[in-house]
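Breakdown of the fold
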Amino acid sequence: MDRLRIAARLVLPALWLGLIIGISLIEAPLKFQAPGITIPLGLGIGRLVFTAMNIVELVLAGLLVLSLVGQRVDRRFWALVGGAVVVLLAKVMVIRPLLNRRTDMVLAGTDDGGSALHYVYIAADGVLIILLVLMLVAAARRWVPTPAGRP
């Protein structure tokens, strides 16, 4: 069980990082370049995809926290996980609801769609990417032996 929990420290952040890269950095920008995609259709697809993504992120974050409970984990790793959870909760509980309201207004024709909120969401994902990479480095250090003579 301990090996599984230790492996989770590497696997779960890697999956989470891949999810963000695949959806936020690849799918979202390309979606509107596909032939025949209108703004309402793109926004509807985006809402579905990002809702699903956020649910998966919450599951991954929950599993990551559970994998650490009762284990000897360095405070820095806990800080990275805690920071990622806080950013994720801000995305899900604050930023996404605001973006959903703006999407509703765009679809209703009462808003032109321009919003700085998307940049806030992108910044949150950027912070998550950094935290997840740092988690991966910390977890990998635990698995990879250090060369002789180096601390």
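Heads up: these notes are all about the structure in this document. (Residues numbered from 1 in each chain as written. Predicted model: local features only at pLDDT ≥ 70, side-chain atom pairs only at ≥ 80, totals over all residues. Heavy atoms only, no water.)

Attention now goes to the pattern of salt bridges. Using the criterion set out here, one finds five salt bridges in the structure. For the salt bridge of Asp104 with Arg47, the shortest nitrogen-to-oxygen distance reads 2.8 Å. In this pair, Asp104 sits in helix H3 (residues 75-108) while Arg47 sits in helix H2 (residues 39-68), placing the two residues 57 residues apart along the sequence. Exposure remark for Arg47: the relative accessible area of 27% places this residue in the partly exposed category. Residue Glu57 pairs with Lys91 through a salt bridge whose shortest N-O separation is 3.0 Å. One end of the pair, Glu57, is in helix H2; the other, Lys91, is in helix H3, and 34 residues separate them in sequence. According to the relative accessible area criterion, Glu57 is buried, its value standing at 0%. With a relative accessible area of 0%, Lys91 lands in the buried category. Several salt bridges converge on common partners, so that one network encompasses Glu57, Lys91 and Asp125. (Salt bridge = Lys/Arg side-chain N within 4 Å of Asp/Glu carboxyl O. Helix = DSSP H or I, 4+ residues; strand = E, 2+ residues; numbered from the N terminus. Buried < 20%, exposed > 50% of the residue type's maximum accessible area, 1.4 Å probe, protein only.)

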